[in-house]
Amino acid sequence: MAVLLRSVTWGLFPWRGCYSRAPQRGLSKGFVEALEAVVGRPHVSTAAAVREHHGHDESMYRCHPPDAVVWPQNVDQVSRLAALCYSEGVAIIPFGTGTGLEGGVCALQGGVCINLTHMDRIRELHPEDFSVVVEPGVTRKALNIHLRDCGLWFPVDPGADASLCGMAATSASGTNAVRYGTMRDNVINLEVVLPDGRLLHTAGQGRHFKKSAAGYNLTGLFVGSEGTLGLITSATLRLHPAPEATVAATCAFPSVQAAVDSTVQMLQTAVPVARIEFLDDVMMDACNRYSKLNCSVAPTLFLEFHGSEQALAEQLQRAGQPFSLTTEVITQDNGAFHFSCAKEAEECNQLWTARHNAWYAFLALAPGYKGYSTDVCVPISRLPEILVHAKEKLKASGLTGAIVGHVGDGNFHCLLLVNPDDAKELQRVKTFANELGRWEPWGRGGQKGWENLLRATLMASQNGPCTPWDVHRGTWHRNGQAAAATGGNRPCGFGDHEAAQGHTGPPRPHEPRQGAVRSSKDLACRRPDDTASSGNTGSIRPL
């Protein structure tokens with residue numbers, strides 16, 4: 001499926017110029033007719049404009065269009081499309097809403113883009129079990145509108161109105177993660193079409209309850225797999241009771257250190273905060289201009305409390321003070337100023353809409369420039385030190401940038417504005433991103449979801465020589481968990497069937513990982529010491 005992550009070169013810069021310089025392999029007339037036979041002629045397109053639209057997301061990477069775009073209407077068609085592409089060695093690129101910032105939909109070697117937006121049904125709703133089953137075309141906003149009369153909601157909120165199955169594929173996070181968790185915590189079951197067209201239910205067909213102590217956690221394997229293991233055709237999600245009332249607030253600080261120290265102290269004292277977001281002075285200036293706010297241009301925390309009317313009343317201890325006594329003491333001890341509170345729904349929506357539009361506000365600072373985003377997760381205890389260091393590095397780099405983050409769960413982004421026509425500036429961005437990802441104090445376990453085309457080079461330093469990134473490259477962990485998902489050494493990863501059967505020649509076009517799925521027995525029984533006698537360095541290599 002996805003030749004998406006094969007290249008880690010910086011050659012995808014500059015911005016889109018529509019087509020990449022890499023030659024497109026193209027599809028035969030007979031193959032296109034076979035696609036039309038599966039989904040119908042109106043649901044297949046090879047038009048240049050359509051292919052260009054599906055060859056990029058909202059990142060700065062150049063457009064790499066697929067050879068064809070198809071719109072399946074149901075899971076059976078997705079299965080038949082996958083089997084057809086698999087048998088002919090054609091790469092598959094799944095496409096949702098195209099709101100990603102990591103270049104994940106770039107068709108680096110052409111192939112077929114499967115646009116899943118026509119599959120937009122909410123299949124099942126189980127209010128008593130707090131679960132719902134959605135297809136890939138359902139977005140988070142559409143789901144929450146559907147749930148309004150049930151007293152439930154789905155809280156994972158990455159900002160963009162993204163596809164829920166796409167959010168599962170990328171293990172999305174968001175502003176509510178501090179209280180409700182990320183997608184990894186809120187996905188119960190997945191229906192996945194595997195590379196050869198077979199259908200897999202990761203927690204068992206029809207299961208929509210949270211608890212299970214049997215077998216492998218296959219759901220966790222596919223959440224965050226980014227389209228490299230299969231196409232997600234439905235997701236069973238965990239729902240939450242909608243809060244009876246909410247209160248939002250902003251609080252400005254004299255320095256980054258003061259704002260982040262307050263965050264850590266609030267979490268340590270169990271302040272019942274649902275959202276806690278950090279925006280530095282550059283981002284606050286951008287949001288003021290773009291969203292017509294009137295906030296201080298200083299490092300700022302956006303906070304939100306959820307609960308019953310009574311609980312929130314207890315938190316608002318003093319008239320005119322938007323914080324509970326504990327929060328007030330913490331923030332004032334750290335030099336906070338310019339408190340602002342929003343209790344009405346309209347005011348809260350304005351505040352969080354501004355936060356969600358921060359990316360576009362940042363781009364508006366320099367029309368014609370493109371944005372580049374990093375994504376870092378660190379231990380809460382190290383958050384003040386690391387965020388202050390990141391801000392200092394950003395200033396020293398001479399680049400135009402801002403910092404914003406879901407600091408309640410130790411996650412922040414350094415955003416950079418880049419002139420796509422300036423090669424030296426592009427190189428400085430690359431250098432900054434590499435240094436940020438490799439900075440020693442957070443060491444292994446530091447970077448969360450680095451941009452796809454750079455992330456592969458950072459995974460080894462984060463996790464050691466046998467890394468989770470080996471899964472994306474077609475080799476499995478030593479515990480063989482992924483191989484067990486499809487029964488020993490049957491093919492699972494996209495394009496590795498020939499390798500599993502002993503193929504040793506040049507990789508076929510659909511073999512982006514150039515690897516094989518080994519059996520769980522082969523991997524689990526091999527000790528690290530066994531590699532010494534064979535001259536292996538310790539990492540699992542492709543066959």
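Residues numbered from 1 in each chain as written. Predicted model: local features only at pLDDT ≥ 70, side-chain atom pairs only at ≥ 80, totals over all residues. Heavy atoms only, no water.

Bringing the overall build of the chain into the picture now. Across its full length, the chain holds 22 helices and 19 strands. For the chain, the proportion of its 543 residues judged to be buried stands at 56%. Pairs at least 24 residues apart make up 71% of the contacts formed inside the chain by residues separated by at least 6 positions. A total accessible area of about 22100 Å² is found for the chain, and carbon and sulfur atoms account for 50% of it. (Helix = DSSP H or I, 4+ residues; strand = E, 2+ residues; numbered from the N terminus. Buried < 20%, exposed > 50% of the residue type's maximum accessible area, 1.4 Å probe, protein only. Contact = heavy atoms within 4.5 Å. Areas by Shrake-Rupley, 256 points an atom, 1.4 Å probe, with all protein chains shown as cover.)

Read across the sheet, four strands follow the order β1-β2-β4-β3 without closing on themselves; strand pairing throughout is mixed. Only two strands of the sheet have a single partner each, and these edge strands are β1 (44-45) and β3 (92-95). Pairing of β3 with strand β4 (residues 112-115), which is carried by four bridges, proceeds in the parallel orientation. For F95, the partnering residue across the bridge sits in β4 and is N115. (Pairing = 2+ DSSP bridges.)

The set of residues buried in helix α1 (residues 29-39) consists of F31, V32, L35, E36, V38 and V39. End-on view of α1: buried residues confined to an arc of 160°, all on one side of the axis. Residues K29 and A37 are exposed on α1 and point more than 90 degrees away from its buried face. Those residues of α1 that are buried are in contact with β1, β2 (68-70), α3 (75-88) and β4. Once α1 ends, the next one or two residues include G40, with phi positive near 95°. (Arc of directions from axis to C-beta.)

Below, the discussion takes up the packing of aromatic side chains. What the rule picks out here adds up to two aromatic pairs. Seen in terms of ring centroids, F302 and W352 are 6.0 Å apart; in terms of plane orientation they differ by 80°. Their pairing is edge-to-face. Residue F302 is located in strand β14 (residues 300-307), and its partner W352 is located in helix α13 (residues 345-356); the two are separated by 50 residues in the primary sequence. Accessibility classification places F302 together with W352 in one group, the buried group. (Phe/Tyr/Trp six-rings, centres within 6.5 Å; stacked < 30°, edge-to-face > 60°.)

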